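Coordinate inspection notes
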Amino acid sequence: VQLQASGGGLVQAGGSLRLSCTVSGSWFVINAVAWYRQAPGNERETVAAITRANTANYVESVIGRFTISKDNAKNTIDLQISDLKPEDTAVYYCNANIWQPASGSRHYWGQGTLVTVSS
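Attention here is on the structure that accompanies the text. (Residues numbered from 1 in each chain as written. Predicted model: local features only at pLDDT ≥ 70, side-chain atom pairs only at ≥ 80, totals over all residues. Heavy atoms only, no water.)

**Observations regarding the overall build of the protein chain**
This is how the line gets drawn: We count a stretch as a helix when DSSP gives it H or I for four or more residues in a row; a strand needs E for two or more, and each element gets its number in order from the N terminus. Radius of gyration: over C-alpha atoms. The globule rule applied is 2.2 Å multiplied by the number of residues raised to the 0.38 power. Each residue's exposure class comes from its accessible area (1.4 Å probe, protein chains only) as a fraction of the maximum for that residue type: buried when under 20%, exposed when over 50%, partly exposed otherwise. In this analysis, two residues are considered to be in contact whenever any of their non-hydrogen atoms come within 4.5 Å of each other. Values of accessible area rely on a 1.4 Å probe in the Shrake-Rupley scheme; residue burial ignores everything except the protein chains shown. Counted charges follow a simple rule, with Lys and Arg positive, Asp and Glu negative, and His plus the chain ends left uncounted. Lysine's charge is taken at NZ, arginine's at CZ, aspartate's at CG and glutamate's at CD.
A tally of helices and strands in the protein chain yields zero helices and 11 strands. Along its sequence from the N terminus, the protein chain presents helices and strands in the succession β-β-β-β-β-β-β-β-β-β-β. Here the C-alpha radius of gyration of the protein chain, 14 Å, is about what a compact globule of 119 residues would show, namely 14 Å. Across its three principal directions, the C-alpha atoms of the protein chain cover 50 × 25 × 25 Å. Taken across its 119 residues, the protein chain has 39% of its residues classed as buried. Sequence-distant contacts in the protein chain: of pairs separated by 6 or more residues, those separated by 24 or more amount to 55%. Summed over its atoms, the accessible surface of the protein chain is roughly 6400 Å², and 49% of this surface lies on carbon and sulfur atoms. If you average the places of the 9 positive and of the 8 negative side-chain charges in the protein chain, the two averages end up 9 Å apart.

**What about the nonpolar core?**
In globular proteins that are soluble, nonpolar side chains generally tend to be buried together. Just so we agree on the cut-off: In this description, a nonpolar core means a group of buried Ala, Val, Leu, Ile, Met, Phe, Trp, Tyr and Cys residues linked to one another through side-chain atoms lying within 4.5 Å.
If you look at the biggest cluster of nonpolar residues, it comprises 30 residues, and the most contacted ones within it are L3, W35, L79, Y92 and I98. For this core, the secondary structure elements donating two or more residues are strand 1 (2–6), strand 3 (17–24), strand 4 (29–38), strand 5 (45–50), strand 7 (66–71), strand 8 (76–81), strand 9 (90–100) and strand 11 (113–118). When neighbours within four sequence positions are excluded, I98 is seen to be in contact with V1, L3, V23, F28, V29, I30, N31, G104, S105, R106 and Y108.

**Focus: the state of the cysteines**
Filter applied, for reference: Cysteine sulfurs are considered disulfide-paired once they come within 2.5 Å of each other.
On inspection of all chains with the given rule, the structure shows one disulfide. Two residues share a disulfide in this structure: C21 and C94, whose sulfurs sit 2.1 Å from each other. Every disulfide takes its handedness from the sign of the S-S torsion; for C21 and C94 that torsion is 55°, giving right-handed. With C21 in strand 3 and C94 in strand 9, this pair connects stretches of sequence that are 73 residues apart. Accessibility expressed as a relative area gives 0% for C21, which makes it buried.

Taken by themselves, the reported measurements are silent on function.
The structure is reproduced here in structure tokens:
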């Protein structure tokens, strides 16, 4: 199983981006998914997640601006970001808990995509 993230870039404050993460592989089921971010000098933090019960959760600082979604048919995990702020500048990583018949459930990470917000 591999996760491939895309969609990052340089954007002005107040702008929008859509990050996408594509899951590829054989014989898998996507359970919980999440987007994390890590700014320079900071620890990696969870910004948005969808639980196995399909409940979406967000860190307080992004509520109303970020929307996480999962498309089981396309095997994609998206993060729509609007009203971007300079403090949103970070490398964004997708994460998925994936079940496979041979290995059971485990977490996989995408490679990260850089979001830079200019003021």
